[in-house]
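# A look at the structure
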Amino acid sequence: MAVYKQFNTNEVVVSPFKANKRFRFEGSQITASDAQIEYYQSQQGRYLSGSYDTGFNTMQDGVTVFNSIKQLYYSNYLTSSWGDPMVTASFRSGGTGPQQQNLGRDTIVGNITGPRFENFLQSSLVQDRKFAQFSASSAPIGFAGTDTGVSQSITVAYDSTVDTLNLAFPVGNFPDLGSVGIDDTYVLNNVTWDGTLSQSPFQSIYSPLITGATIVANDTNLTKTAGPGTGGTINGQPLTEFTYNGTGVGATIDITWAANIVTQITIGLPGDNYKAGDIITITAAQLNAVQGIFTFAGSTTFTILQSDLTSTIDTVNANLLAPEGVNPQVDTDKRGLTLKNNNTINFITAGGAGNIILNYLQAPKGPSVISIPSMLYGEAIQPSSFRFEYTSSLNYTKSIVDDDGQGNLIVTQSKADGTPFFSGSVGQIFYSQGIAVITGPDSGSLREFAYNVGYKNNINPNIVSSSLSYSSSITIDENQYKCTVRDSEFTYTTNPSALGVPGVLTTKPGQLFSSFNAGNLIGLNASQTFTVQPKTLLGTTNASTYYVFKDQFKESIGQQYRIELRTAGDERLEFVGFNGFKNGSRNALGQSQFNSTGSATGIAQAFCDAVNSVNGLNGEISCSLFTTNVTNDSVHLIQSQAGEIGNTQIKYADSFNLLTNQDANYQPNPSRGQQYFGNALLGQATYNVNGVDTFAGTKGAILNITTDSAAPNANIISIEVSQSLADNNTIPPTISETFGGKNYSVGDKLEIAGTDLGGSGTGFINLVEADVDKSENTQIYHDFCTGSLFTPYVTTVGLYNDSNDLVCVGKLPRPLPISLSTDTTFMINFDTN
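All of these numbers come straight from a predicted model, not from anything done at the bench. (Residues numbered from 1 in each chain as written. Predicted model: local features only at pLDDT ≥ 70, side-chain atom pairs only at ≥ 80, totals over all residues. Heavy atoms only, no water.)

Turning next to the overall build of the protein chain. Counting its secondary structure elements, the protein chain contains 5 helices and 54 strands. Counting every position in the protein chain, which comprises 833 residues, the buried fraction comes to 42%. Within the protein chain, counting contacts between residues at least 6 apart in sequence, those at least 24 apart form 68% of the total. (Helix = DSSP H or I, 4+ residues; strand = E, 2+ residues; numbered from the N terminus. Buried < 20%, exposed > 50% of the residue type's maximum accessible area, 1.4 Å probe, protein only. Contact = heavy atoms within 4.5 Å.)

Okay, here's the thing in structure tokens:
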């Protein structure tokens, strides 16, 4: 057993110190699974699942890496390497009404939000972060950052138009992208029609008008009322002079009338952005305003038809196609190109045969990223300790990258012959996250080195040309505890093996029988002495009981159930029924509520949920559903470490009705139900609502129980502690010994099972003070630890926190006796982060 001593403040010393460790990885050592260092090649462009794998152990998608570093580290550097302009907004008042009321016309001019993520600035120095080269908001194909001019094309035959959103390729003639070197680093840029333009299946919804096209008037309401002749034309009138409901611009029209009725308009200049269904309205007032010879009356409308438009085009950009991927085949039924739902382009049936050319551009790469796990750098990478070396396999430029202690990566580059030719900033390192980002620009392929060395299961031999070194940083707290044991302070033991046996059953004749309760024992064998080992019910570990609920059909119960449970630690909590489903919620009176409406199963489950909830009894009393039949349902409660308080009455307030079989459902004064935390003896004809705690275990006593010869049932007439036990393996075949058990206490309850006496039922012995041999119940040390030379030995020192949790253990190399005459001081030192 243990002995304890409280530390004083002056006996505890905590001294923090910084510890640094240097790491260096060369070549393929970086890719080892126990290193967990990753080289990531970020990738601009659209996310395509599985297209841009990067990393050695923890694989990532290059596009997500690019977007992550942009948001985390460069969201303030998207337009300039020295930082973006400060985000500001201006308030513009909308004025007030005649009574100075706000008219709701106030506006905010300018952006009102800044970058969402901190950029983890390493110092107060101005940062030169060359990320703007990868664009301010997105990474369109062809933008700066890599050789985005690399392109490939492939031609495939056109088959048919499935519908306005789908084109088909001939069966067996799908485009073989790999044959022309198009891999997953390429993205589709556009598709073009390789044939006569008038036969193109690509139709633009918004198009120029056809010069010379004639649009007939929808009615005869616009007429000439004065002027020479009965027919004529007004030429070259801008369409903007008249009423038009579309978005087209730039067209001119000639207006023609015959027999004094305006009959048609003819397109002069084609303009742009017109579509079928647009309506042009010409009124007499508009015509009279643009010329002075004729006079008109009325108005008419003209509707633009598809035949009036130059709608066929030869190119469709890839951003209008779905999916925005490498392979244009999207469906085995369609076998070709699919348009996104849009109001710009349709597919129409082509007038003749032709080919479609798929044009691809290589997606631009972003910066390379070096990720070092925290297990290898601790709290942070030590500033001025990072070095990365890399030799390009393209031009054999050797690059040595060091951090300047302020978060910047400075490169020194030399040619293949060793001649230095460049030095400058090529990226940033973020010490506390173990992240280094190489943005370039430079001449040593640093920005794309992660792509050049490869990724998991596809590593390029170029990996051997790189090395990485840095110092980790971690704070270690050295804790020292000085524990002084005064002379003779701990010269005793609490080990139970040093104490005499406590609590045995008395051997006084007739004493145990005087505390005996026959209970419901019946059918015992007569005139016989039985050797019985009783079960200890009270005072061991767990107690359990059952509560029975009866089906309430459609009646509302409300607070008919109101229960107080008491734990072994004497915590008391009331549970009340209510009409609702927030089981375990606390009401204003501090009671835990459960839904007590509906079926027996529902009520029982709600009660279980309330007991087991955070507002329940913290597991000291746990509850589970115990189904019996359709109309009656039960809950099984278990009280851990119940001890003597296990049989404390569970109190029922007000009209708590357990609704057992012998009760009517709605008595004016229902029964009180169970009075003890006990077993309801489920399965019998009726429910015994005054059950007792059910415990498991025995304390080792053996009793001789004698019955009489009374008829028809025998009675117990004597209960004594056994003095002998039959043992056929010894001669003589008995053992002379008193079997009074051990560890018995006043208040324990012993169960006598009727099956051990030839009958049924149970009886009980409730131990009183006279039943326990007190001479054996005193805490007396054995002789070996009462002499003047007794000295305990120390073998282990443990440190506990304020919650009595063991936080560390120190083992002495050999047992150390505690001195009887001098102080003994223990110095405990251990390190923590």
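Cis rather than trans, the peptide bond between glycine 440 and proline 441 has omega equal to 0°. The phi dihedral of serine 384 falls on the positive side, at around 70°, and the residue is not glycine. Tracing the backbone shows serine 384 in the loop between β26 (380-381) and β27 (387-391). Non-glycine residue asparagine 457 carries a positive phi angle of around 65°. If you trace the backbone, asparagine 457 turns up in the loop between β32 (454-455) and β33 (458-459).

Okay, the confidence of the model for the protein chain next. On average, residues of the protein chain score 78 in pLDDT, and 77% of them are at 70 or above. This stretch, residues 136-147, has a pLDDT under 50; its non-local contacts, to residues over four places away or in other chains, come to 34 contacts. For residues 642-696, every residue scores under 50 in pLDDT, and the model assigns this stretch 154 contacts once sequence neighbours within four places are set aside. (pLDDT = per-residue confidence, 0-100.)

Quick look at the sheet that holds strand β41 (residues 572-578) now. In space, the 3 strands of this open sheet follow the order β40-β41-β42, with mixed pairing throughout. Of all strands in the sheet, those bounded by a partner on one side alone are β40 (562-566) and β42 (592-595). Adjacent strand axes in the sheet meet at a mean angle of 25° when their direction is disregarded. The pairing of β40 with β41 spans 5 bridges and is antiparallel. Its bridge partner lying in β41, leucine 565 is registered against leucine 573. Of the strands in this sheet, β40, β41 and β42 touch helix α5 (residues 600-612), which is tilted by about 155° from β42. (Pairing = 2+ DSSP bridges. Axes fitted to C-alpha atoms, helices over the stretch in contact; angles between N-to-C directions.)

What follows covers the pattern of salt bridges. Inspection of every chain in the model, using the stated rule, returns 4 salt bridges. For glutamate 26, the salt bridge is made with arginine 24, and the minimal N-O distance between the two is 2.9 Å. Residue glutamate 26 is classed as partly exposed on the basis of its relative accessible area, which comes to 43%. Looking at arginine 24, the relative accessible area reads 41%, which means it is partly exposed. Across the pair arginine 387 and aspartate 402 runs a salt bridge, and its minimum N-O distance is 2.7 Å. Highlighted residues: arginine 387 in strand β27 and aspartate 402 in strand β28 (residues 398-403), separated in sequence by 15 residues. (Salt bridge = Lys/Arg side-chain N within 4 Å of Asp/Glu carboxyl O.)

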